[in-house]
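# Reading the structure
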Amino acid sequence: MSPYELLSLVRYPTLVIVLQLAVGCVRGDSESTTAIRRESMRPPVAKQVPYELTSHDHTRSDPYYWMRDDARRDPEVLGYLEQENAYAEAFFEPLDAFRSALYEEIVARIPKDDASVPHRLDGYYYYDRVEDGDEYRRYCRRRGSMDAPEEVFFDANREAEGHDYYSAVGLTVSVDGNTLGYGEDTLSRRIYTLRFRDLVSGRPLDDVIEGTTGQLVFALDNRTVFYVKRDPGTLRAYQVYRHHLGTNPEADELVFHEEDEEFYLSIRRSRSREYILIASRQTLSHEYLTIDAQRPDSAPVVVLPRERGHEYDLDHARGRFFIRTNWQARDFRLMSVAPEMSQDKSAWRDEVPAEEGVFLRDFELFAGHLAVSQRRRGRTELQVIPWTDREKAHQLEFDEQSYVVQFDRNSEFDSATLRFAYQSMTTPRSVFDFDMEHKTRILRKQSNIEGDFSPEHYSSASLTITARDGAEVPVSLVFRADLDRSKPQPLLLYGYGSYGYSMDPTFSSPRLSLLDRGVIFAIAHVRGGQELGRAWYEDGKLLQKRNTFTDFIDVAEGLIRAGWTETEKLFAQGGSAGGLLVGAVANMRPDLFAGIVANVPFVDVVTTMLDESIPLTTFEYDEWGNPGQREYYEYMLSYSPYDNVSEQDYPAMLVITGLHDSQVQYWEPAKWVARLRARGVGRQPIVFSVNMDAGHGGASGRYRRHRETAMAQTFILSQLNRVD
């Protein structure tokens, strides 16, 4: 057995140090290099500075509060994070050969050349593609038909040159096809600079607008642009401005200012193109304003004033507003109304009535048809309804037991074709065109997986596990078809459970590397998501939030009882609010898991939610609660991962974050890791990796981003001794 193979068996930092030195001797490293490596293999010990926070006559001690000093400016904090990265690099150094091979294996499945399915809009066929070696996409179009010459109107590879991180969002072309607008972020803070380009000459315009969300909408005059600004402190999307191309952005007119700090703004154009739609949203309340797209200098008009507890989404076509609403419909229904009567609910007309147990997700408007996306008993479905004969509604059917289907790009209103995307945990994403008149479908593209991938090599399963209070929690699993199911196998359990976001059973090509090494992947569809409708979400938020964590624990125990896995082979993973999930579970049942991977974890819940100056705080009170109120303070304190770290034996952990994260600030996981190391009594490794060039979404680029994927998989497989 080689020193590297021996090292892969080890889960304890002290033994890792000894074996690391042995590896160094075998490789002929110098004495000084070995000494440096010995030092780097010791986890950093963060200094403790007394600091107290008092709320509701209760005082918490936070000796790592100093880490909140901005690491982008404070050399001491930055130095500490660099020490953490040095330790992470030293930890993975013996595994570098395996990690590199795993990374190459993952990216080898990515097609070298690829293109999206073209969609028609305003006389052009638009699509995007990548060539061999591209990290980013090239955005293209052809006029009139796909036989016309290709025009590459935006090449993100070229724009990304010289940047460690690059993201372009909101690419929007004016109706006349002559001007492109887009948002650009080179820091990963999700603060975008709007730029414009003349597509006739190919030259950039002088108009440059800083501090936006990246969203923009052209009015029908092709010269007036609406966009949303972020608050420079909290990053809340709070102002809509109107800009006329060719004028100084400093003179742009403020159209709407959202003064309520719990609301944030977004903009888009209606299906009919007759209106600019301004949405102001908060967890439990929505409000829409409209601007006549033919008269872009007109003032915004409120469709229906905000009401506590009323959530609605809006579109316009066929001379009416179409409203997806939870008014007298817990799982939502679709209604319509003439614009001039929108504030009179008695004038609203049912288009898709509320149905018990059926959650209305989305809708698409066409000249001849209405398409509806719903979720029934956890399963997604699509229905097409002709406007002229509602009795001829058609439900699309699929063969697999567990899958997800959703709308794809449907650009044209005057079309009888519905484009949708289908996938499962064993079937790659597939784009179909469905003829709504003749009820036939054509496969336009299935994502290509390079190599010897075959769906028949994998199996999926769906089951339910009864939680401690009797709730039936759905679980989706995928594994190698030839896996020996007669005995417990390694299993990675993933969860999220917040904001009503459903974790659907989607396909993942990077996941194949785990499956091929005998690891089962499972999703626990815990409460706090919306897989089973609105009630499932509401039963996992606010003062019911602990259900999210106990569901995850109960699923893990149920999988063990059913023989899928065992504690020594069970791993948990979650990101962002899912990081909160696995962080809380680590405190509640550290004995249940062999290891945990936490990506950009939201773990310092109470302190963050008490601080209204940082992003995502004020408009999330109805998700987590306002700790300014004692009841919520005490409840949040009962599960906050950071506040509940105690002297117990924690599983092996890999924690990943980004320095420029605008959603979960870097100091949350940094403080959490420091406290875990200081209070934990076990000897399992706790590794903290900080991407110094990235934010909440990790690294950019279709290849580079998988270096973190390979790192997480290497960590799991090393704990399982499967790194050969």
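Keep in mind that this is a model prediction, so the values were computed, not measured. (Residues numbered from 1 in each chain as written. Predicted model: local features only at pLDDT ≥ 70, side-chain atom pairs only at ≥ 80, totals over all residues. Heavy atoms only, no water.)

## Looking at the overall build of the chain
Assigned secondary structure in the chain consists of 15 helices and 38 strands. Taking 2.2 N^0.38 as the reference for a compact globule, 724 residues should give roughly 27 Å; the C-alpha atoms of the chain span a radius of gyration of 26 Å, in line with that estimate. Along the longest, intermediate and shortest principal axes, the C-alpha atoms of the chain span 75 × 55 × 55 Å. Across the chain, the fraction of contacts at a sequence separation of at least 24, relative to all contacts at a separation of at least 6, is 56%. Counting every atom, the chain has about 29200 Å² of accessible surface; 46% of that belongs to carbon and sulfur. (Helix = DSSP H or I, 4+ residues; strand = E, 2+ residues; numbered from the N terminus. Rg over C-alpha atoms; globule rule 2.2 N^0.38 Å. Contact = heavy atoms within 4.5 Å. Areas by Shrake-Rupley, 256 points an atom, 1.4 Å probe, with all protein chains shown as cover.)

## With respect to the pattern of salt bridges
This model, assessed by the stated rule, comprises 57 salt bridges. Note that arginine 534 and glutamate 538 form a salt bridge whose closest N and O atoms lie 3.8 Å from each other. Of the two residues, arginine 534 and glutamate 538 both sit in helix α8 (residues 534–538), four residues apart, roughly one turn of that helix. Judged by its relative accessible area of 34%, glutamate 538 is partly exposed. (Salt bridge = Lys/Arg side-chain N within 4 Å of Asp/Glu carboxyl O. Buried < 20%, exposed > 50% of the residue type's maximum accessible area, 1.4 Å probe, protein only.)

## Focus: the sheet that holds strand β14 (residues 253–257)
On the basis of which strands lie adjacent, the open sheet formed by seven strands has the order β8-β9-β10-β11-β12-β13-β14 and antiparallel pairing. Taken across any chain shown, the strands that pair with only one partner, and hence form the sheet edges, are β8 (167–173) and β14. For this sheet, the mean inter-axis angle between neighbouring strands, taken without regard to orientation, is 35°. In the sheet, β8 pairs with strand β9 (residues 179–185) via five bridges, with the strands oriented antiparallel. (Pairing = 2+ DSSP bridges. Axes fitted to C-alpha atoms, helices over the stretch in contact; angles between N-to-C directions.)

## Details of the packing of aromatic side chains
Counted by the stated rule, this structure contains 32 aromatic pairs. Ring centres of tyrosine 139 and phenylalanine 154 lie 6.1 Å apart, and the angle between their planes is 50°; this geometry places the pair in the tilted category. You can see tyrosine 139 sitting in strand β6 (residues 138–143) and its partner phenylalanine 154 sitting in strand β7 (residues 151–155), a full 15 residues away along the chain. The exposure class of tyrosine 139 is partly exposed, given its relative accessible area of 22%. (Phe/Tyr/Trp six-rings, centres within 6.5 Å; stacked < 30°, edge-to-face > 60°.)

## Re helix α13 (residues 630–639)
For α13, the set of buried residues is Tyr632, Tyr633, Tyr635, Met636, Leu637 and Tyr639. Elements that come into contact with the buried residues of α13 comprise β1 (52–55), β2 (58–61), α9 (546–561), α10 (577–588), α11 (605–610) and α12 (621–624).

## Quick notes on the environment of glutamine 395
By the element assignment, glutamine 395 lies in strand β26 (residues 394–395). Beyond its immediate chain neighbours, meaning those up to four positions away, glutamine 395 contacts Glu381, Leu382 and Gln383. In this structure the side chain of glutamine 395 is engaged in a polar contact, spanning 3.2 Å, whose partner is the side chain of glutamate 381. (Polar contact = N/O pair within 3.5 Å; in protein donor to acceptor, adjacent residues only side chain to side chain.)

## Re the sheet that holds strand β24 (residues 369–376)
Taken together, four strands build an open sheet; the order of strands is β23-β24-β25-β26 and the sheet is antiparallel. The sheet is open, and its two edges are formed by β23 (358–365) and β26, each paired on a single side. Bridging between β24 and strand β25 (residues 379–386) involves eight bridges; their strand directions are antiparallel. Bridge pairing in β25 places arginine 376 opposite arginine 379.

## Looking at the packing of helix α5 (residues 96–108) against helix α15 (residues 706–719)
Interaxial distance between α5 and α15 falls to 9 Å at its minimum, and their mutual angle equals 125°. The angle between α5 and α15 places the two elements in the oblique class. Taken as a pair, α5 and α15 cross one another with a handedness that is right-handed. Contact residues: α5 offers Phe98, Arg99, Leu102, Tyr103, Ile106 and Val107, while α15 offers His706, Arg707, Thr709, Ala710, Met711, Gln713, Thr714 and Leu717. Class assignment for the residues of the contact of α5 with α15 results in eight nonpolar, four polar and two charged. (Parallel < 35°, antiparallel > 145°, perpendicular 65-115°, else oblique. Left-handed = near helix turned anticlockwise from the far one by under 90°. Nonpolar A, V, L, I, M, F, W, Y, C, P; charged D, E, K, R; others polar.)

## What to know about the environment of glycine 470
Secondary-structure assignment places glycine 470 in the loop between β31 (458–466) and β32 (472–480). Note on glycine 470: relative accessible area 44%, which makes it partly exposed.

## Looking at the side chain of threonine 283
Along the chain, threonine 283 turns up in the loop between β16 (275–282) and β17 (285–292). Residue classification places threonine 283 among the buried residues on the basis of a relative accessible area of 17%. The contact partners of threonine 283, leaving out residues within four places of it in the chain, are Glu311, Arg534, Tyr537, Lys541, Phe619, Glu620, Asp622 and Glu623.

## Notes on the environment of leucine 532
In this fold, leucine 532 is placed in the loop between β34 (520–524) and α8. Taking the C-alpha atoms as reference points, leucine 532 and leucine 463, separated by 69 residues in sequence, lie 14 Å from one another. In contact with leucine 532, other than residues within four places in its own chain, are Arg377, Gly378, Glu472 and Pro474.

## Considerations on α5
A rise of 1.5 Å per residue sets the reference length of α5, with its 13 residues, at 18 Å; its end C-alpha atoms lie 18 Å apart and thus fit the reference within 8%. Where α5 is buried, its residues touch α7 (512–515) and α15. (Expected span 1.5 Å × (residues − 1).)

## Digging into unusual backbone geometry
Of note in the backbone geometry, arginine 273 takes a positive phi value of approximately 70° without being a glycine. Tracing the backbone shows arginine 273 in the loop between β15 (264–269) and β16. One non-glycine residue with positive phi stands out, namely serine 576, at about 60°. By relative accessible area, which is 15% here, serine 576 ends up buried.

## Notes on the pairing of β24
Among the eight residues that make up β24, seven are buried, leaving the element largely enclosed by the rest of the structure. Where β23 lies against β24, seven bridges are found, and the strand directions are antiparallel. Of the residues in β24, the one forming a bridge with phenylalanine 363 is valine 372. Linking β23 back to β24 in an antiparallel pair, the connection comprises three residues. Linkage of β24 to β25, two consecutive antiparallel strands, is achieved through a turn of two residues, within which arginine 377 is found at a positive phi near 50°.

## Let's talk about the confidence of the model for the chain
Per-residue pLDDT for the chain has a mean of 91; in total, 92% of the residues score no lower than 70. Throughout residues 1–39 the model reports pLDDT below 50, and contacts reaching past four residues in sequence, or to other chains, amount to 55 contacts. (pLDDT = per-residue confidence, 0-100.)

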